[in-house]
Amino acid sequence: AWKARHPDTTVLSIDTGHRRDYGEGVAYGDYFATDKLMFRVPQLDTRLANKAEVFALRSDDGKDTLAIAAEYLRTHRVHHDEIDGKRIVVLTDASGANRAYESEEVRFDPFEGEGTVRDASGGEWKADEAGIHDGAGRTLKRIAGHRAFWFGWVSAFPDTRLVH
């Protein structure tokens, strides 16, 4: 899905000259198979498993934080929320990739994937890396978010709001 959207992407080679299996999940497979951590953290938060993935968002001033469980987003591919008083929508495509956008007053219906989303009145919008665009020239801009492990995010932002 990434390659289709970004055909000119540079990919790092796994041909490093070293004898090591760089297959997906090989290097840290044993680590990810348990909930134990190799890092010390100030306090554990058991609302999610330590290594559960979250889609993490932070307001521009860093004071308001939000973590949304990736597992939740797999089954709620359109998630409306708010951060720092701004209405947002998080779209999750079929590959599991998440993107957040300002939504203002627009409510979106279930995400059809591959860049097309409909608003509650049936209008079609196109979602891309920069924003969600309607056919009339209106754009709702994308906001920064990233995937993180729950233990790391909540250690850095212990007062984060969690959706799960």
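As a reminder, the structure under discussion sits directly above these lines.
Numbering of residues starts from 1 in each chain and follows the order in which that chain's sequence is written. It should be noted that, the model being predicted, local features are given only for residues of pLDDT at least 70 and side-chain atom pairs only at 80 or more, the latter also being counted only at that level, while totals for whole chains, interfaces and linings use all residues. Each side-chain value is worked out from all heavy atoms of the structure, with water and hydrogens disregarded.

In this structure, Leu-57, Ile-68, Trp-150 and Trp-153 are the most contacted members of the largest nonpolar core, which totals 23 residues. Only DSSP runs of H or I covering at least 4 residues are called helices, and only runs of E covering at least 2 are called strands; the numbering of each starts at the N terminus. Those elements that place two or more of their residues in this core are β1 (53-58), β2 (65-69), α3 (70-75), β4 (86-92), α4 (150-156) and β11 (161-163). Contacts: residue pairs with any heavy atoms within 4.5 Å of one another. If sequence neighbours within four positions are ignored, Leu-57 has contacts with Asp-64, Thr-65, Leu-66, Ile-68, Ile-83, Ile-88, Ala-100, Ile-143, Ala-144, Gly-145 and Trp-153. Counting residues in each nonpolar core, the second largest holds 12 residues, with Val-78, Leu-91, Tyr-101 and Phe-111 among its members. To define a nonpolar core, start from buried Ala, Val, Leu, Ile, Met, Phe, Trp, Tyr and Cys residues and group those joined through side-chain atoms within 4.5 Å. Using a 1.4 Å probe on the protein chains alone, a residue whose accessible area is under 20% of its type maximum counts as buried, one over 50% counts as exposed, and one in between counts as partly exposed.

Turning to the environment of Thr-34, a few remarks are in order. Mapped onto the secondary structure, Thr-34 falls in the loop between α2 (29-32) and β1. Considered as a pair, Thr-34 and Lys-51 are 17 residues apart in the sequence and their alpha carbons are 8.6 Å apart. A polar contact is formed between the side chain of Thr-34 and the backbone nitrogen of Lys-36, at a distance of 3.2 Å. Polar contacts here mean pairs of N or O atoms no more than 3.5 Å apart (in protein, one a potential hydrogen donor and the other a potential acceptor; neighbouring residues in sequence count only if both atoms are side-chain atoms).

A word on the pattern of salt bridges. Salt bridge, as used here, is a side-chain nitrogen of Lys or Arg placed within 4 Å of a carboxyl oxygen of Asp or Glu. Within the structure shown, the criterion is met by 15 salt bridges. Taking the shortest distance from any N to any O, the salt bridge between Asp-93 and Arg-5 comes out at 3.4 Å. Of this pair, Asp-93 sits in the loop between β4 and β5 (98-102) while Arg-5 sits in helix α1 (residues 2-5), placing them 88 residues apart in sequence. For Asp-93, a relative accessible area of 7% gives the class buried.

Where burial is concerned, most of β4 is hidden: 5 out of the 7 residues are buried. Both strand β3 (residues 78-83) and β4 contribute to a ladder of 6 bridges, which runs antiparallel. Bridging across to β4, Ile-83 finds its partner in Lys-86. Turn length for the β3-β4 hairpin, with the two strands adjacent in sequence and antiparallel, is 2 residues, and the turn residue Asp-84 shows positive phi of about 55°. Note on pairing: two strands pair once DSSP finds at least 2 bridges between them. The pairing of β4 with β5 spans 5 bridges and is antiparallel. Residue Val-89 lies in a different strand from β5, and its bridge partner there is Tyr-101.

A few words now on the packing of aromatic side chains. Centres within 6.5 Å are what make two rings of Phe, Tyr or Trp a pair, Trp counting through its six-membered ring; a difference in plane orientation under 30 degrees is then read as stacked, over 60 as edge-to-face, and the rest as tilted. On inspection of all chains with the given rule, the structure shows 7 aromatic pairs. A centroid spacing of 4.4 Å and a plane angle of 40° characterise the contact between Trp-153 and Phe-157, whose relative ring orientation is tilted. Among the residues examined, Phe-157 registers a relative accessible area of 19% and is labelled buried. By the ring-pair criterion, three or more aromatic residues cluster together here, those being Tyr-28, Tyr-31, Phe-32, Phe-39, Phe-149 and Phe-151. Criterion for a charge above a ring: Lys NZ or Arg CZ within 6 Å of the ring centre, and within 35 degrees of the ring normal. Taking NZ or CZ as reference, Lys-51 lies 3.7 Å from the ring centre of Tyr-31, over its face.

Strand order in this open sheet of 4 strands is β10-β1-β2-β11, and the pairing throughout is mixed. Only two strands of the sheet have a single neighbouring strand rather than two, namely β10 (146-149) and β11. Across the sheet, the mean angle from the axis of one strand to that of its neighbour is 35°, orientation sign disregarded. The convention used is that axes are lines fitted to C-alpha atoms, helices contributing only their stretch in contact, and that angles between N-to-C directions extend from 0 to 180 degrees.

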